[in-house]
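Letter by letter, the chains look like this.
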Amino acid sequence: MKSRTAGPVAAITGIGVVAPNGIGAEAFWKATQAGDSVLDRVTRQGCEHLPVRVAGEVRGFDPGSLVEDRFLVQTDRFSHYALAAADLALEHARLGRADYEDDPYAVGVVTAAGSGGGEFGQRELQRLWGQGPRYVGPYQSIAWFYAASTGQISIRRGFKGPCGVVCSDEAGGLDAFAHAGRAIRQGSRAMLVGATEAPLAPYSVVCQVGYEGLSTADDPERAYRPFTAKACGFVPAEGGAMFTVEDAAKAARRGAPVRALLAGHCATFTPPGRTDDADGLAHAVLGALREAGCAPEEVDVVFADALGTPEADAAEAAALRAALGPHAAKVPVTAPKTGTGRAYCAAGTLDAAAAVLALEHGVVPPTPNVFDVCHDLDVVTGSARVAPLRTALVLSRGRMGSNTALVLRGGPGSRAQ
């Protein structure tokens, strides 16, 4: 296949992670590679009586030690995660103010979010109805909004370049990379891109109860088991990841680590609720491979969407067979999110972080809590698998019909180079 892209090549130079299994890329990768499962009973106050019993909670996160007070009071938990992850991504990329203060319009921010600031919004609405409008804080108008993280990161860091928010269902986390790549090709120096979620406040959980495929199982080891005969849905999670994306050539010149290349992306749409439809995802994979100039047999690892219902899992397996042909039965497939939960828009970004780190280390992380695979896929279970990795395919689907595929190529430091 021949790539259709031209101009500067967008590269990931920094990764910032705030996840249920670790804060920071190093801690996240250590737990992901080990196949640790951190799913547990929901402990958020006010959620005890709700049907969702198991989730992936971010523990040990102290926003006060990572974010200034003036930003904390204006923002919800999901933005706290984004602000902290953005700092980590910039630090990882060694991109400081001195690198962009001559032209702050050359750096932008793109994020995605589905649940928004439910915890903040619920608190202010309770004040409204319990005490009256005089007791509602002025930040209620912005803190709940799904665009809050983009705005606050750009204000806090002084980024005045292309900024945006992606609204494309749960696939938005991966779609944000396409926006960042386009900005780089159009001349931006760097972009902060990613997604974070905090859907475990009572109001947010109530909104999820009607979601098709949401697991209500009590046992953390059995609540989320995609691609098995006992698949019973997914469990929600909070957290997410932010990335520094730059022009690969310019990043190399300033001595930044080029961790992976954004090689190809494609998004499609299928009818809402049709998780049994394989065509949309298959076309997204084919489109991403075409943009990357990548043949199906060149894919070294697939990070699956792994919704966790029998119909959706069968459709994802069928989509891979349709797009990759015979290679679909041979390529290693993994879904690390079965150990941390499915963080909606942020699920794809956490998979992207795991994919970049897998390319760097030459290791395919396992799929926690999954053993008896019932589909014709080489799902990596039990323990990590060492393999030469040059190209990763990351998949994401949304309940309302969005399908996205992202192709990542290993950077100069990856084991397969």
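Only a predicted model underlies this, so the values are computations on that prediction, with no experimental measurement involved. (Residues numbered from 1 in each chain as written. Predicted model: local features only at pLDDT ≥ 70, side-chain atom pairs only at ≥ 80, totals over all residues. Heavy atoms only, no water.)

Trainee: For the overall build of the protein chain, give the residues involved together with the corresponding values.
Mentor: Along its length, the protein chain carries 12 helices and 16 strands. Over its C-alpha trace the protein chain gives a radius of gyration of 20 Å, about what one expects of a compact globule, namely 22 Å for 417 residues. If you line up the protein chain on its principal axes, its C-alpha atoms span 65 × 55 × 35 Å. By the burial criterion, 62% of the 417 residues in the protein chain qualify as buried. Taking the intrachain contacts of the protein chain between residues at least 6 apart in sequence as the baseline, contacts between residues at least 24 apart amount to 79%. Side chains of the protein chain carry 39 positive and 44 negative charges; the gap between the two charge centres is 4 Å. (Helix = DSSP H or I, 4+ residues; strand = E, 2+ residues; numbered from the N terminus. Rg over C-alpha atoms; globule rule 2.2 N^0.38 Å. Buried < 20%, exposed > 50% of the residue type's maximum accessible area, 1.4 Å probe, protein only. Contact = heavy atoms within 4.5 Å. Lys, Arg positive; Asp, Glu negative; His and termini not counted. Charge placed at Lys NZ, Arg CZ, Asp CG, Glu CD.)

Trainee: Mind laying out the side chain of Glu-316, listing which residues take part and the relevant values?
Mentor: Relative to the helices and strands, Glu-316 resides in helix 11 (residues 310–324). In this structure Glu-316 touches Phe-227, Leu-281, Ala-304, Asp-305, Ala-306, Leu-395 and Arg-397, once residues within four positions along its chain are discounted.

Trainee: Can you tell me about empty space enclosed by the protein, naming the residues and giving the values?
Mentor: The full count for this structure, using the stated rule, is 5 cavities of 30 Å³ or more. As a volume, the largest cavity reaches approximately 120 Å³. Along the lines of polarity and charge, the residues of the lining of the largest cavity split into 2 nonpolar, 7 polar and 7 charged. Reported here for the second largest cavity is a volume of approximately 70 Å³. Every element with two or more residues in the lining of the second largest cavity is listed here: helix 1 (25–34) and helix 12 (345–361). Considering each element in turn, the lining of the second largest cavity owes the most residues, 4 residues, to helix 12. Its residues placed into classes, the lining of the second largest cavity shows 5 nonpolar, 3 polar and 2 charged. (1 Å grid on protein atoms, 1.4 Å probe; cavity = no way out; pocket = protein on both sides within 12 Å on 5 of 7 lines; lining within 4 Å. Points joined across faces, edges and corners; volume = space filled by probe spheres on them. Nonpolar A, V, L, I, M, F, W, Y, C, P; charged D, E, K, R; others polar.)

Trainee: Got a sec to walk through the UniProt feature "domain: Ketosynthase family 3 (KS3)" (unreviewed entry) in the protein chain? Specific residues and values, please.
Mentor: This chain's UniProt record puts "domain: Ketosynthase family 3 (KS3)" (unreviewed entry) on residues 7–410. Taken end to end, residues 7–410 comprises 33% helix and 20% strand; its first and last C-alpha atoms sit 19 Å apart. (UniProt positions renumbered as here; feature names shortened; annotations may be inferred.)

Trainee: Pulling in residues and values, what's your account of the environment of Ser-168?
Mentor: Inspection of the secondary structure assignment puts Ser-168 in the loop between strand 6 (163–166) and helix 7 (172–185). Separated by 94 residues in sequence, Ser-168 and Leu-262 place their C-alpha atoms 19 Å apart. Every residue in contact with Ser-168, bar those within four places of it in the chain, is listed here: Asp-175 and Ser-402. A distance of 2.6 Å separates the side chain of Ser-168 from the side chain of Asp-175, its partner in a polar contact. (Polar contact = N/O pair within 3.5 Å; in protein donor to acceptor, adjacent residues only side chain to side chain.)

Trainee: Got a sec to walk through helix 3 (residues 77–93)? Specific residues and values, please.
Mentor: Helix length check: helix 3 (17 residues) gives 24 Å between terminal C-alpha atoms against 24 Å at 1.5 Å per residue, within 8%. Judged by how many residues are buried, helix 3 sits mostly within the fold: 13 of 17 residues are covered. (Expected span 1.5 Å × (residues − 1).)

Trainee: I'd like a rundown of a nonpolar patch on the surface, residues and numbers included.
Mentor: Taken together, Val-73, Tyr-139 and Ile-142 make up a surface patch of nonpolar side chains, about 240 Å² in accessible area. Structurally, the position occupied by Tyr-139 is in the loop between helix 4 (118–131) and helix 5 (140–143). (Patch = residues over 30% accessible without salt bridge, like charges linked within 9 Å, V, L, I, M, F, W, Y side chains within 5 Å. Areas by Shrake-Rupley, 256 points an atom, 1.4 Å probe, with all protein chains shown as cover. Salt bridge = Lys/Arg side-chain N within 4 Å of Asp/Glu carboxyl O.)

Trainee: Tell me about the packing of aromatic side chains, and please be specific about residues and values.
Mentor: Taken as a whole and judged by the stated rule, the model has 7 aromatic pairs. Cation over ring: Arg-342 sits above Phe-234, and NZ or CZ is 5.7 Å from the ring centre. For the cation-ring pair, Arg-399 lies above Tyr-211, with the distance from its terminal atom to the ring centre recorded as 3.5 Å. (Phe/Tyr/Trp six-rings, centres within 6.5 Å; stacked < 30°, edge-to-face > 60°. Lys NZ or Arg CZ within 6 Å of the ring centre and 35° of its normal.)

Trainee: Give a description of the environment of Phe-120 that names residues and reports values.
Mentor: Following the sequence through the fold, Phe-120 ends up in helix 4. According to the relative accessible area criterion, Phe-120 is buried, its value standing at 4%. Taking the C-alpha atoms as reference points, Phe-120 and Thr-75, separated by 45 residues in sequence, lie 7.5 Å from one another. Dropping the residues within four chain positions of it, Phe-120 is found in contact with Val-73, Gln-74, Thr-75, Asp-76, Tyr-139, Gln-140 and Ala-143.

Trainee: Outline the side chain of Asp-247, listing residues and values.
Mentor: Considering the arrangement of structural elements, one finds Asp-247 in strand 8 (residues 239–247). Buried within the structure, Asp-247 lacks any salt-bridge partner; Lys-250 is the closest side chain of opposite charge, at an N-O distance of 4.5 Å. Residue contacts for Asp-247: discarding those within four places in its chain leaves Pro-8, Val-9, Ile-184 and Arg-189.

Trainee: Before we move on, could you go through the packing of helix 10 (residues 279–292) against helix 11 and cite the residues and values that matter?
Mentor: For the pair helix 10 and helix 11, the least separation of the axes is 8 Å and the interaxial angle reads 40°. Of the possible angle classes, the one that applies to helix 10 and helix 11 is oblique. Relative to helix 11, the crossing made by helix 10 is right-handed. Between helix 10 and helix 11, the contacting residues are Leu-281, Ala-282, Val-285, Leu-286 and Leu-289 on the first element and Glu-316, Ala-319, Ala-322, Ala-323 and Leu-324 on the second. (Axes fitted to C-alpha atoms, helices over the stretch in contact; angles between N-to-C directions. Parallel < 35°, antiparallel > 145°, perpendicular 65-115°, else oblique. Left-handed = near helix turned anticlockwise from the far one by under 90°.)

Trainee: So what's going on with the pattern of salt bridges? Residues and values would help.
Mentor: It is possible for side chains of opposite charge to pair when their charged atoms get near one another. One pass over the full model with this rule turns up 22 salt bridges. Here Glu-238 ties to Arg-44 by a salt bridge, and the two come within 2.4 Å at their closest N and O atoms. Within this pair, whereas Glu-238 is found in the loop between helix 8 (202–208) and strand 8, its partner Arg-44 is found in the loop between strand 3 (40–41) and strand 4 (54–55), the two being separated by 194 residues in sequence. Accessibility classification places Glu-238 together with Arg-44 in one group, the buried group. Arg-342 is paired through a salt bridge with Asp-305; the nearest N and O atoms lie 3.0 Å apart. Pair noted here: Arg-342 is in the loop between strand 11 (332–334) and helix 12 and Asp-305 is in the loop between strand 10 (301–303) and helix 11, with a separation of 37 residues, a long-range link. Comparing Arg-342 with Asp-305 shows no difference in burial state: the two are buried.

Trainee: Before we move on, could you go through the packing of helix 7 against helix 12 and cite the residues and values that matter?
Mentor: Look at helix 7 against helix 12: their axes get within 6 Å of each other, and the N-to-C directions meet at 65°. Contacts between helix 7 and helix 12 pair Gly-172, Gly-173, Leu-174 and Phe-177 from the former with Cys-345, Gly-348, Thr-349 and Ala-352 from the latter. Partitioning the contact of helix 7 with helix 12 into residue classes produces 4 nonpolar, 4 polar and no charged.

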